[in-house]
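Secondary and tertiary structure notes
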Amino acid sequence: MPELPEVETIKRSLAINKGARISRIEVIRPDIIRIRDFEPEAVHGLTINSFRRRGKYLIISLDERESHILVHMGMSGRFYMQEDQYEANEKHVHFIIYLDNGRKMVFQDPRRFGGIWLLRNPDTIICKLGKEPLNREFCSAYLKSIVKDRRIAIKTLILDQNLISGIGNIYADEALFLARIRPDRTAGSLSDEEAVRLCRAIKRVLRQGIEKRGTTFRDYRDGNNNRGGFQEHLQVYGREGEECPVCNSRIVRKRIGGRSSHYCVTCQK
DNA sequence: CTGGATTCCTGCTTGC
DNA sequence: TGCAAGCAGGAATCCA
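So, a few notes on the structure that sits alongside this text. Residue indices begin from 1 for each chain and proceed along its sequence in written order. Here every chain gets a letter starting at A, and every ligand a number starting at 1, in the order they are written. Local features in a predicted model are, by the rule used here, given only for residues with pLDDT of at least 70; side-chain atom pairs are given and counted only at 80 or more, and totals for whole chains, interfaces and linings are based on all residues. As a rule here, side-chain values cover all heavy atoms of the structure and leave hydrogens and water aside.

**Looking at the pairing of strand β10 (residues 251-256)**
Each regular strand carries side chains that alternate between the two faces of the sheet. Strands qualify as paired when DSSP identifies two bridges or more between them. Helix numbers and strand numbers start at the N terminus; a helix is a DSSP run of H or I with at least 4 residues, a strand a run of E with at least 2. As defined by bridge partners, β10 adjoins strand β11 (residues 259-264) across 6 bridges and the pair is classed as antiparallel. From the neighbouring strand, K254 faces β11, where its bridge partner is S261. Between the end of β10 and the start of β11, which pair antiparallel, lie 2 residues, with G257 showing a positive phi angle near 60°.

**A word on the sheet that holds strand β1 (residues 22-27)**
In space, the 4 strands of this open sheet follow the order β1-β7-β8-β6, with antiparallel pairing throughout. Only two strands of the sheet have a single neighbouring strand rather than two, namely β1 and β6 (78-83). Direction aside, neighbouring strands of the sheet carry axes that sit 20° apart on average. Pairing of strand β7 (residues 93-99) with strand β8 (residues 103-108), which is carried by 5 bridges, proceeds in the antiparallel orientation. Bridge pairing in β8 places I96 opposite V106. All axes are obtained by fitting lines to C-alpha atoms, using only the stretch in contact for helices, and the reported angles, taken between N-to-C directions, cover 0 to 180 degrees.

**Quick word on the packing of helix α3 (residues 140-147) against helix α6 (residues 192-211)**
For the pair α3 and α6, the least separation of the axes is 9 Å and the interaxial angle reads 120°. As the angle between them shows, α3 and α6 are arranged oblique. In the crossing of α3 with α6, the sense of the turn from one axis to the other is right-handed. Two secondary-structure elements touch here, α3 through S140, L143 and K144 and α6 through D192, A195, V196, L198 and C199. Side-chain classes follow a simple rule in which Ala, Val, Leu, Ile, Met, Phe, Trp, Tyr, Cys and Pro form the nonpolar group, Asp, Glu, Lys and Arg form the charged group, and the remainder, Gly included, forms the polar group. Among the residues forming the contact of α3 with α6, the class breakdown is 5 nonpolar, 1 polar and 2 charged. Throughout this description, any angle smaller than 35 degrees is read as roughly parallel, any larger than 145 degrees as roughly antiparallel, any in the 65 to 115 degree range as roughly perpendicular, and the remainder as oblique. When the near helix sits turned anticlockwise from the far one by under a right angle, the crossing is termed left-handed; a clockwise turn instead gives a right-handed crossing. Working rule for contacts: check all heavy atoms of both residues, and any pair within 4.5 Å makes them a contact.

**A word on the pattern of salt bridges**
Here, a salt bridge means any Lys or Arg side-chain nitrogen found within 4 Å of an Asp or Glu carboxyl oxygen. One pass over the structure, following the stated rule, counts 17 salt bridges. A salt bridge links R53 to E8; the shortest N-O distance between them is 2.7 Å. Taken as a pair, R53 in strand β3 (residues 48-54) and E8 in helix α1 (residues 4-14) lie far apart in primary sequence, 45 residues in all. Comparing R53 with E8, the two get one shared label, buried. Only protein chains enter the accessibility calculation, which uses a 1.4 Å probe; a residue whose area is less than 20% of its type maximum is buried, one above 50% is exposed, and one in between is partly exposed.

Written out as structure tokens, the structure reads:
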């Protein structure tokens, strides 16, 4: 599930295509395009100015103002480069951007929870997103302000993309473990000290995730179609029944807000 | 406000 | 071995 560290890793690997010109776009599944401010043919011949990331969105901006391609990987989406002569005959390829540098960028997504946006103004999507967790603006004071008086589970709150953008199920569980806070705690019940811990834990776990080039639990691949490495460092996610790395008690799994959540009943209070 | 259910979808796992 | 059912989940949306 590409979350912030995965999309950041994809973005970094794709950056070598900055300055390349789009020779052609192939739309295999038209319904993968969620918003179509312009037709795909309209960007043929345009140059890629930048690859950026906001939350879990990858933003490809072109030299002609008001031409942006947004990619969201959803659950199982991949966005990777391939040499042009290499035939992409894989399943579930929905969208391909051919470049003039001998490469193409392929969007592949079996479950199709992901999508592509062709936007004049990316702010129409981006402006709804909450703070970037690795930016300064995401601080314990902000976290305290959003948990205040909220009765939802703290895990549900940090997964809310309108409050904090980029955290998904894996990094939510890992951050709460690091902060020693149970995921089903009511957000408003967090002490100031716990909010500070959680804020730090979120930043730490996301930075580690980026450092290890993301988590390949099942589907995720980076922009070179390579696996990530952070799955080797997961403390609780996907480890139900295994020993807690800190206290050796069994890690439990429980559904919270419709998501399976992994935590240690001894370490997390 | 909040939690829960539902929808989208395929592939993997489980049970018979 | 084969088949069907169950499950997983990011985000939007509806309902109680």
